[in-house]
Amino acid sequence: MADHNATENTPATTEAKETEQVRTRNSNLETEHGTTMIDDNVVGKIAGIAAREVSGVYNLGGGAARMWGAVRESLTSSTNVQQGVDVVVEDGHASVAVAIIAEYGVAIHELANAIRENITVAVTRMTGLIVDRVDVTVHDVHLPEQDNEESNEAAYNANQALAQ
């Protein structure tokens, strides 16, 4: 007769194993001498710069974010490097979501992998955080003939903002 008390993969034990995902302790930020806290904004800036460094990324953010970014740039002459980047930092781990506009002709799946790699390396190197995931959303593909149209539109939007 078989022993029914042995551990089996019953739905209850399988469910318990799946919900008990324990994060590893980040020894880079938690030492016996103290804890280092890194704000989401810091990681957002690093991730934004790292994403822009990848060849094939035309811009970051969706349509509305890019429009307001163009207006802000024309008024203040500064770029928001966090545009299109969302970050969650928790317990020494970081999750990043980045929205991009890709250059036409670039293999998007390879571009997304290069962005993930560059962001992961930059954030880990500069902060010591463990990067759990980098999600990439491609909102558009930039066509070369759009350059003149976009510069005219940005100038129009800046003039409208100044007029108000």
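Residues numbered from 1 in each chain as written. Predicted model: local features only at pLDDT ≥ 70, side-chain atom pairs only at ≥ 80, totals over all residues. Heavy atoms only, no water.

Labelled according to an unreviewed UniProt entry, the chain appears under the name Asp23/Gls24 family envelope stress response protein, originating from Corynebacterium lipophilum. Under the UniProt heading Sequence similarities (unreviewed entry), the note attached to the chain is "Belongs to the asp23 family." (UniProt positions renumbered as here; feature names shortened; annotations may be inferred.)

Attention shifts here to the environment of I101. Among the structural elements, I101 can be located in strand β5 (residues 93-103). We classify I101 as buried; its relative accessible area is 2%. Between the C-alpha atoms of I101 and G62, which are 39 residues apart in sequence, the distance is 7.7 Å. (Helix = DSSP H or I, 4+ residues; strand = E, 2+ residues; numbered from the N terminus. Buried < 20%, exposed > 50% of the residue type's maximum accessible area, 1.4 Å probe, protein only.)

This part is about unusual backbone geometry. The phi dihedral of D91 is positive, around 55°, even though this residue is not glycine. The residue D91 is located in the loop between β4 (85-90) and β5 in this model.

Another aspect to go through is the nonpolar core. By size, the foremost hydrophobic cluster in this structure holds 27 residues, and its most contacted members are V43, V96, V98, I100, I115 and I119. Counting only elements with at least two residues in this core, the list comes to α2 (40-53), β3 (57-60), β4, β5, α4 (108-127) and β6 (130-142). Here this core gets six residues from one element, more than from any other, and that element is α4. Dropping the residues within four chain positions of it, V96 is found in contact with V43, A47, V85, D86, V87, I119, R133, V134 and D135. (Core = buried A, V, L, I, M, F, W, Y, C linked by side-chain atoms within 4.5 Å. Contact = heavy atoms within 4.5 Å.)

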